[in-house]
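Results of the structural survey
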Amino acid sequence: MPPRLPGAHRVVRPLANGRVTIYWYKTRGGEKLMKFEGASLDEALRAEHEGAQALAAAYAERPKSHEPDSQTVRSLIVRYRAAPDGFQALAPSTQANWRKPLDLIEEEFGSMPLRALESRQAARRFIEWRDTFASTPRRADYQMQVLKRVLSWSVEKYLIKESPIAGAKNLYKGSRAHLIVSPTELSSILQHVTPEAAIAIQLASLTAIRRDDLVSLKWEHLDGNALTFSTGKSGGKKRVRVPLYGQAAKIIGDLREARERSISEGKVPPAHILLTSKGTRWKPDSLTQAFIRAAKKANVDRHLHDLRGTAITQFAAAGLSNEEIADIVGWEVSSVSDIRKHYVDPATATQKVIERLEAAAKTG
């Protein structure tokens, strides 16, 4: 067990070569107390245990300052974490995903003077740090995304003049924006999930609602023939109206009838629309895991997020414009256009060719 030092901040960082370093700070964003290294996590933990007394002594010393140096990158990170329009404005799920990258950035660059950001050397250091994670390019890009946001936010607040990495490109070249789960693949996946998971997955494939918003849907969001709610990704700033039609309307209708029966029996119904087999609301990661396990059993290489593309193809086939679809799903129009070009337009063109050939055969 690590030492108990109230208010202290502990960061465990695995390195690319397998070594592990454990850093201790007086407070989050405060002065560094000590670091412990090892060829493995066990060795680093052993070093930490052996140095616990020295760490406690360093912790007990009078702090050099009560605030982080206002002229270092650490000061930017501390301010960003506390800002209502910064880290605090992010959705809870995004905050959870950003905490570790922020810790890594703070540990790596916290002592960098702000004046150093004005040199090309700073950009080079940031890029070199990103490249140490090149074996996992998506992770490298994600961490760089967090760093970019901290720096761009700092520019907006006039804390620094400009971000040295504003134009830095991503390492990962792939994209899932054009992927969908085909009807055949979806049917195979649904054979390996519980009835409750099947309902949630089907609704995702019909509405293009993001996972976190999907599991957060409440009956108060049902507005006639649509679901109206503020998106979590926008921090509640963007409100969307998702139309319910066909199978989606039937799913919601069946769930509403079951809810009304429960009320008539004197039971207190849950506020959320989608529930697990235990009658509790879905946790985002639990729904993702249910999909992943089922997709693996069905030998389908798709993600839960790809169901959004499935819904988009249906919206497009129904005649909705790219702009209308983008408003519903919260995507860029260009991304919707990619989905249409990959799946909808070729199918439409093929069908028209078949119709012409059949017509020619009849007249011939």
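It should be noted that the structure appears before, not after, this text.
Note that the coordinates shown come from a computational prediction; the quantities given were computed from them, not determined experimentally.

The next subject is the overall build of the chain. Looking only at helices and strands, one finds 14 helices and six strands in the chain. When the 364 residues of the chain are sorted by exposure, 39% land in the buried category. Put simply, 54% of the contacts in the chain that link residues at least 6 apart link residues at least 24 apart. As displayed, the chain offers around 20700 Å² of accessible surface, 51% of which is attributable to carbon and sulfur atoms.

Bringing the sheet that holds strand β5 (residues 226-230) into the picture now. Spatial strand order, β4-β5-β6: three strands in an open sheet with antiparallel pairing. Each edge of the open sheet is held by one strand with a lone partner, namely β4 (222-223) and β6 (239-243). Bridge count between β5 and β6: five bridges; the pairing is antiparallel. Bridged to Leu 227 within β6 is Val 242.

All right, on to a nonpolar patch on the surface then. Judged by side-chain polarity, Val 12, Leu 41 and Leu 45 come together as a nonpolar surface patch covering roughly 210 Å² of accessible area. Residue classification places Leu 41 among the partly exposed residues on the basis of a relative accessible area of 42%.

With antiparallel pairing, three strands are arranged side by side in an open sheet as β1-β2-β3. The sheet is open, and its two edges are formed by β1 (9-14) and β3 (32-38), each paired on a single side. Along the sheet, successive strands turn relative to each other by an average axial angle of 15 degrees, direction set aside. Relative to strand β2 (residues 20-25), β1 is paired through six bridges, and the arrangement is antiparallel. If you follow Arg 13 over to β2, its bridge partner there is Thr 21. Against the sheet, helix α4 (residues 92-109) touches β1 and β2, its axis set at about 90 degrees to β1.

With that out of the way, let us pick up the pattern of salt bridges. Taken as a whole and judged by the stated rule, the model has 14 salt bridges. Across the pair Glu 48 and Arg 10 runs a salt bridge, and its minimum N-O distance is 2.8 Å. Taken as a pair, Glu 48 in helix α1 (residues 41-50) and Arg 10 in strand β1 lie far apart in primary sequence, 38 residues in all. Given a relative accessible area of 28%, Arg 10 falls into the partly exposed group.

Analysis parameters
- Residues numbered from 1 in each chain as written.
- Predicted model: local features only at pLDDT ≥ 70, side-chain atom pairs only at ≥ 80, totals over all residues.
- Heavy atoms only, no water.
- Helix = DSSP H or I, 4+ residues; strand = E, 2+ residues; numbered from the N terminus.
- Buried < 20%, exposed > 50% of the residue type's maximum accessible area, 1.4 Å probe, protein only.
- Contact = heavy atoms within 4.5 Å.
- Areas by Shrake-Rupley, 256 points an atom, 1.4 Å probe, with all protein chains shown as cover.
- Pairing = 2+ DSSP bridges.
- Patch = residues over 30% accessible without salt bridge, like charges linked within 9 Å, V, L, I, M, F, W, Y side chains within 5 Å.
- Salt bridge = Lys/Arg side-chain N within 4 Å of Asp/Glu carboxyl O.
- Axes fitted to C-alpha atoms, helices over the stretch in contact; angles between N-to-C directions.

No statement about biological role is implied by the geometric values presented.
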